[in-house]
Amino acid sequence: MSVPAELRYTQEHEWVSIDGDVATIGITDYAANALGDVVYVSLPAASSSVSAGEPCGEVESTKSVSDLFSPLDGEVTEVNEELDDDPGLVNAEPYGAGWMFRVRFSGGQAGLPAGLLTAAQYEDLTKSAE
Amino acid sequence: MTDFAGWLMPLRYGSETTEHLAVRSSAGLFDLSHMGEIAVTGPSAAEALDYALTGWISRLKVGQARYTMICAPDGGIIDDLVVYRQAESRFLVIANASNAAVVLAELTERCAAQGADVTDETDQTALVAIQGQNAPAILSQVTSLPLTDIRYYSGAYGEVDGVPAWVARTGYTGEDGFEVFCPAQAAEQVWDALAKAGGSSVVPAGLAARDTLRLEAGMPLYGNELGRDVSPFEAGLGKVVRLDKPGDFVGRPALAAAAEAAEAGTGPARELIGLIARSRRIPRHGYPILTEGVQVGTVTSGAPSPTLAVPVAMAYVERGARGPFFIDVRGRLEPADRAELPFYRRSQQA
């Protein structure tokens, strides 16, 4: 299972990549493995506003469905439309082509929620779940 | 891996979609050792099973198999079963893992009066299934049994890679294929022999693929489509109830009344139908089905169909319900069209 060191993580098994005031969000390798084959991803609409900790979409796999949460407050700038045709990208490249949506947040680094985990903290979380 | 009726079972080996499609296009290998195997033996075994089950078991010739049910006195389904007549006085009853204990107890009680012996062989019996159009070619490499002589829903004793086995042309995938019952300690050997013989044309397949395969094939699953509160007639399986067989059997009066109601068009209250979703959101077990805002049924099984590439479901709806059907998928109504079952039928019958 892969947990890239440069990313931040959430308790909901999502990853967050920060670039300036834009965060890119997807689900982790661990989450994709646990779900099995992802067959449909419902993403928030571009330009919609999202709130930290609130559901903004769904990830459906053969056996289950999970809510997709926004890890921070902000406005959706872009969603990964490739997933509409090829939701399997979430399994194949969870940290790359399987990314899900981008959010512009305000307040710079101070605007980031305090609860984001480092890679090491996230690895501990997945190990304690096993 | 997942806990399944006390057995640690693989949900998937890799991608369940790939496993599913491999069974449809080539072959898949399943470890089904969790299934219950109960032997009913003795000179009166056939008559005992005629009394215990809904099927006319004494009519089976040696080597034949039958899909049947064990019902409660009120006609509710205790389990759905496959019964093999392995010898004149020996039958092997295959029960679902979650029901194996209760089936064993019921059979023991129902057959005792008839003087037949009931033995639980689950622990010493492994079951490896190879399913898909390439299954005969693969299995034939490791057995000397003439597989062309084993017709669909029949079986024969033979050897698989030198291991004594009961080889049956049965399955739960909608494809041609075989189920190999062998001693538990030889399970790995049989699995490895079939995997090696199949090479790249066979993939190991887990419970997730098994579930979508049987759903596409319109086959019911106990706990979803079948249960104690379901009669075989509601499930569209009235044909497994052999009211034309002689003698009494458990559930006969209730089942005869249900058959009469079905004949007269006054029952059953609900029927099992297929649905194809017009949305990509997947209908799942327990989701309500509405017509004009009123609930008319409930989804029993639902999944993305790898073959059709749309979500499909089986559901109970009020008999004669015509729709339009909307499935309440977590608070949002999604349209679905009624479809004939099965969703998938293989092109050539074995």
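Refer to the structure above for everything that follows.
Residues numbered from 1 in each chain as written. Chains lettered and ligands numbered in written order. Predicted model: local features only at pLDDT ≥ 70, side-chain atom pairs only at ≥ 80, totals over all residues.

Chemist: Any chance you could explain the overall build of chain A here in plain terms?
Modeler: Regarding its fold elements, chain A presents four helices and nine strands. Its helices and strands in sequence order give chain A the pattern β-β-β-α-β-β-β-β-β-α-α-β-α, from N to C terminus. Taking 14 Å as the expected radius of gyration for a compact globule of 130 residues, we find that chain A reaches 14 Å, a close match to that expectation. Overall, chain A is about 40 × 30 × 20 Å in size when its C-alpha atoms are taken along their principal axes. (Helix = DSSP H or I, 4+ residues; strand = E, 2+ residues; numbered from the N terminus. Rg over C-alpha atoms; globule rule 2.2 N^0.38 Å.)

Chemist: Sorry if this is basic, but what is going on with the sheet that holds strand β7 (residues 90-95) of chain B here?
Modeler: Neighbouring strands of a sheet are bound in pairs by backbone hydrogen bonds; such pairs are parallel or else antiparallel. All names here are of chain B. The strand order across the open sheet formed by five strands is β5-β6-β7-β4-β8, and the pairing between neighbours is antiparallel. Only two strands of the sheet have a single neighbouring strand rather than two, namely β5 (65-71) and β8 (117-120). Neighbour-to-neighbour, the strand axes of the sheet open up by a mean angle of 30°, direction not taken into account. Sheet contacts for helix α3 (residues 100-112): β4 (36-41), β5, β6 (77-87), β7 and β8; angle to β4, the most-contacted strand, approximately 10°. (Pairing = 2+ DSSP bridges. Axes fitted to C-alpha atoms, helices over the stretch in contact; angles between N-to-C directions. Contact = placed C-beta atoms within 7 Å.)

Chemist: Just to check I follow, could you spell out helix α1 (residues 16-25) of chain B for this structure?
Modeler: Because an α-helix completes one turn every 3.6 residues, residues spaced three or four positions apart along the sequence face the same direction. Residues and elements named next belong to chain B. Burial analysis of α1 places seven of its 10 residues in the buried class, which makes it a mostly covered element. Among the residues of α1, Glu-16, Thr-17, Glu-19, His-20, Ala-22, Val-23 and Arg-24 are the ones counted as buried. Where α1 is buried, its residues contact β3 (28-31), β9 (125-131), β13 (203-204) and α6 (207-216). (Buried ≥ 20, exposed ≤ 12 C-beta atoms within 10 Å, placed from the backbone.)

Chemist: So what exactly am I meant to see when it comes to helix α7 (residues 252-264) of chain B here?
Modeler: The terminal C-alpha atoms of α7 of chain B lie 18 Å apart, and with 13 residues this matches the ideal 18 Å at 1.5 Å per residue to within 8%. Among the residues trailing α7 of chain B, Gly-265 of chain B stands out with phi positive, at a value near 80°. (Expected span 1.5 Å × (residues − 1).)

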